[in-house]
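# Overview (structure and organization)
So you can see what is in the structure, the chains are spelled out below.
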Amino acid sequence: MVSPVTVVKSEGPKLVPFFKATCVYFVLWLPTSSPSWFSALIKCLPIFHLWVFLLAHGINFLVSHRSASCILAGLIFSAVGDAFLIWQEQGYFIHGLLMFAITHILYSSAFGMKPLDLKAGLLMGVVSSSCYAFLYSYLSGPFTYLVAVYIGLIGFMGWRAVTGVQLCNDLWMWTRLSACVGAMLFMVSDLTIALNKFCFPVPYSRFIIMATYYAAQMLIALSAVETREEEDFRKRS
């Protein structure tokens with residue numbers, strides 16, 4: 001297993017632009033009541049830098065590792081979804097929902113189906129069903145089924161991320177934990193969006209949504225470097 005310290009030293013500098021862009025977003029804190037292409041750019045900029053972070057590992061790496069390619073594709077759809085959500089009050093919320101639904105499918109594919117761990121899947125199914133049951137009475141029209149499908153997809157993504165963590169054997173890799181924590185933060189972010197939009201005002205909702213979202217995307221992007229770091233480690237061994 002590659003030491004987390006080793007990976008932080010090698011990958012940390014590549015993430016500096018992401019952290020700077022994230023700080024710019026929170027410092028500017030542009031009002032959501034006045035959507036513009038500039039506010040869309042500022043919101044998407046941290047995700048753009050995560051594209052660059054993955055591309056910095058080389059096109060050959062992305063082509064030869066399907067999971068990394070899927071995560072990059074997921075980040076691309078996420079940026080499009082972020083842009084749509086800037087204009088959600090103008091009728092583009094469903095468009096954003098669709099983009100993030102595709103993102104979760106891509107992330108699920110990146111995390112893979114092994115090990116299966118049906119117990120974790122059942123637990124995630126119960127959590128997802130409970131969330132939808134709570135939201136159901138607040139939903140109407142197409143959101144009644146769109147939210148159900150979306151919760152199913154993000155719940156599935158969370159299941160696949162959780163099952164990648166094997167803390168009790170030699171297969172443990174810290175980036176699997178990174179993917180797991182990232183997926184959980186993504187679920188927290190989206191649940192906060194749902195509660196704030198459909199149920200009741202959530203205090204500091206925007207800060208909670210964006211802080212957990214950016215952290216989630218960074219951790220999921222960071223999980224893509226696992227394969228490369230493992231290969232480099234074996235070469236040095």
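Everything here concerns the structure above.
An account of the accompanying structure is given in this report. (Residues numbered from 1 in each chain as written. Predicted model: local features only at pLDDT ≥ 70, side-chain atom pairs only at ≥ 80, totals over all residues. Heavy atoms only, no water.)

Glancing now at the overall build of the protein. Within the protein, the secondary structure is distributed over ten helices and zero strands. Its helices and strands taken in sequence order, the protein reads α-α-α-α-α-α-α-α-α-α from the N to the C terminus. Counting all 237 residues of the protein, 46% fall into the buried class. In the protein, of all internal contacts separated by at least 6 residues, the share reaching a separation of at least 24 is 77%. By element, 72% of the accessible surface of the protein is carried by carbon and sulfur atoms, the whole surface being about 12,000 Å². (Helix = DSSP H or I, 4+ residues; strand = E, 2+ residues; numbered from the N terminus. Buried < 20%, exposed > 50% of the residue type's maximum accessible area, 1.4 Å probe, protein only. Contact = heavy atoms within 4.5 Å. Areas by Shrake-Rupley, 256 points an atom, 1.4 Å probe, with all protein chains shown as cover.)

Right, let's get into the side chain of Gln217. Inspection of the secondary structure puts Gln217 in helix H9 (residues 205–223). When near neighbours in sequence (up to four residues on either side) are disregarded, Gln217 contacts Ile47, Leu50, Leu75, Ser78, Tyr107 and Phe186.

A separate point is a nonpolar patch on the surface. A cluster of nonpolar side chains, Trp29, Val188, Tyr204, Phe207 and Ile208, forms an exposed patch at the surface whose accessible area comes to about 520 Å². Note on placement: Ile208 falls in helix H9. Judged by its relative accessible area of 30%, Ile208 is partly exposed. (Patch = residues over 30% accessible without salt bridge, like charges linked within 9 Å, V, L, I, M, F, W, Y side chains within 5 Å. Salt bridge = Lys/Arg side-chain N within 4 Å of Asp/Glu carboxyl O.)

On to the pattern of salt bridges. Under the definition given, this model contains one salt bridge. Two residues, Lys14 and Glu11, come together in a salt bridge whose shortest N-O distance is 3.5 Å. Here Glu11 and Lys14 lie together in helix H1 (residues 4–28), a separation of three residues that amounts to about one turn. The class for Lys14 is partly exposed, based on a relative accessible area of 32%. You can call Glu11 buried: its relative accessible area is 3%.

With that settled, consider the layout of surface pockets. Taken as a whole, the largest pocket encloses approximately 1,000 Å³ of empty space. Residue lining of the largest pocket: 45 residues in total, with Leu85, Gln88, Phe93, Ile193 and Ile209 positioned closest to the centre. If one sorts the elements of the lining of the largest pocket by residue count, helix H8 (residues 174–199) sits on top with twelve residues. Classifying every residue of the lining of the largest pocket by side-chain character gives 28 nonpolar, eleven polar and six charged. (1 Å grid on protein atoms, 1.4 Å probe; cavity = no way out; pocket = protein on both sides within 12 Å on 5 of 7 lines; lining within 4 Å. Points joined across faces, edges and corners; volume = space filled by probe spheres on them. Nonpolar A, V, L, I, M, F, W, Y, C, P; charged D, E, K, R; others polar.)

The omega torsion across Lys114 and Pro115 is -5 degrees, close enough to zero to call that bond cis. Secondary-structure assignment places Pro115 in the loop between helix H5 (93–111) and helix H6 (118–136). Residue Trp29 is not a glycine yet carries a positive backbone phi of 45 degrees. Here Trp29 shows up in the loop between H1 and helix H2 (37–55). With a phi close to 55 degrees, Tyr204 is a non-glycine residue in the positive phi region. Its relative accessible area of 71% is what places Tyr204 among the exposed residues.

This brings us to the packing of aromatic side chains. When we look at a pair of aromatic rings, we describe it by the centre distance and by the angle of the planes. Summed over all chains, the structure comprises 21 aromatic pairs. Measuring from centroid to centroid gives 5.3 Å for Phe156 and Trp159, while their planes differ by 80 degrees, and the two rings are edge-to-face. Here Trp159 and Phe156 lie together in helix H7 (residues 143–163), a separation of three residues that amounts to about one turn. Residue Phe156 is classed as partly exposed on the basis of its relative accessible area, which comes to 33%. Put simply, the rings of Tyr25, Phe26, Trp29, Phe100, Phe186, Phe207, Tyr213 and Tyr214 pair up and form one aromatic cluster. (Phe/Tyr/Trp six-rings, centres within 6.5 Å; stacked < 30°, edge-to-face > 60°.)

This part takes up the environment of Tyr25. Checked against the element boundaries, Tyr25 lands in helix H1. Separated by 21 residues in the primary sequence, Tyr25 and Pro46 have C-alpha atoms spaced 8.4 Å apart. Contacts of Tyr25, omitting those with residues within four sequence positions, involve Ile42, Lys43, Arg206, Met210 and Tyr214.

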